[in-house]
Amino acid sequence: MLKTTTVIVLGLLVSSAALADHEHWEHHHGHHHHGHYRPMYREEVIYYQPAPVVEYVPAPQYYAPPPPPAYYGYDQRSPQGLLGGMVGSAMGYQLGNGDPIAAGIGAAAGALLGNGMY
């Protein structure tokens, strides 16, 4: 029994080593390779670049500074011109018998006289 077990174990060890070259085991039928040798290559790996990240930035805009304040000497408004405009408007309204154009002309004349522009 020991002899049979030894033969079986030895056969299994040798047979696994003999079949370790599994790449071309079907081509070994007692003839040589005649131009049909195919080397085993790794599959082709294609690396793709990731898509570029596009960042949309608005175009810079030019903001003009505000215009400088215009100084025309002195303030031409006065309480005398306001009072003259009110009196001139009332007089133009009365003299023109309720005509709004006469009231406007009277207000302009009264403001002109009230500001001292005569």
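Residues numbered from 1 in each chain as written. Predicted model: local features only at pLDDT ≥ 70, side-chain atom pairs only at ≥ 80, totals over all residues. Heavy atoms only, no water.

1. A look at the overall build of the chain
Stated formally: Runs of E in the DSSP output that reach at least two residues are strands. Runs of H or I that reach at least four are helices, and both are numbered from the N terminus. Exposure is judged per residue with a 1.4 Å probe applied to protein chains only, and the accessible area is read against the type maximum: over 50% gives exposed, under 20% gives buried, and values in between give partly exposed. Surface accessibility in these figures is a Shrake-Rupley result with a 1.4 Å probe; residues are shielded only by whichever protein chains are displayed.
Helices and strands together make up the secondary structure of the chain, namely three helices and zero strands. The secondary structure elements of the chain, listed N-terminal to C-terminal, are α-α-α. Across the 118 residues of the chain, 8% fall into the buried class. On the chain, roughly 11,600 Å² of surface is accessible, and the fraction owed to carbon and sulfur atoms is 66%.

2. Re helix α3 (residues 100–114)
Where we set the bar: Residue count minus one, scaled by 1.5 Å, sets the expected span of a helix. What the arc describes is the spread of directions from the helix axis to the C-beta atoms. Note on definitions: a residue-residue contact is assigned when non-hydrogen atoms from the two residues lie within 4.5 Å.
Its 15 residues give α3 an end-to-end C-alpha distance of 21 Å, which sits within 8% of 21 Å, the value for a rise of 1.5 Å per residue. Of the positions making up α3, those classed as buried are Ala103, Gly106 and Gly110. On an axial view of α3, the arc spanned by its buried residues comes to 65°, and they lie on one face. Opposite the buried face of α3, at more than 90 degrees from it, the exposed residues are Ile101 and Ile105. Contacts from the buried residues of α3 go to α2 (79–95). At the exit of α3 stands glycine 116, carrying a positive phi of roughly 80°.

3. Concerning α2
Here α2 is 17 residues long and its end C-alpha atoms lie 24 Å apart, about the 24 Å a rise of 1.5 Å per residue gives. Within α2 the residues assigned to the buried category are Gly81, Gly84, Gly85, Gly88 and Gly92. All buried residues of α2 lie within an arc of 105° about the axis, which places them on one face of the element. Opposite the packed face of α2, turned more than 90 degrees from it, sit the exposed residues Pro79, Leu82, Leu83, Met86 and Gln94. Those residues of α2 that are buried are in contact with α3.

4. Focus on the packing of α2 against α3
For clarity, the cut-off: Here an axis means a line fitted to C-alpha atoms, over the contact stretch when the element is a helix, while the angle between two N-to-C directions is reported on a 0 to 180 degree scale. Under this scheme an angle from 65 to 115 degrees is roughly perpendicular, one under 35 degrees roughly parallel, and one over 145 degrees roughly antiparallel; angles in between are oblique. Left-handed is the label given to a crossing in which the near helix is rotated counterclockwise from the far helix by less than a right angle, and right-handed is the label when the rotation is clockwise.
As a packed pair, α2 and α3 sit with axes 6 Å apart at the nearest point and diverge in direction by 150°. Between α2 and α3, the crossing angle belongs to the class labelled roughly antiparallel. Taken as a pair, α2 and α3 cross one another with a handedness that is right-handed. The segment α2 lies against α3, with Gln80, Gly81, Gly84, Gly85, Gly88, Ser89, Gly92 and Tyr93 engaging Ala102, Ala103, Gly106, Ala107, Gly110, Ala111 and Gly114.

5. Structural notes on the confidence of the model for the chain
What counts here: Within a predicted model, pLDDT stands for the predictor's per-residue confidence, ranging from 0 to 100.
Averaged over all residues, the pLDDT of the chain is 77; the fraction at 70 or higher stands at 75%. Across the chain, the secondary-structure element scoring lowest on mean pLDDT is helix α1 (residues 2–18), at 73, and the one scoring highest is α3, at 88.

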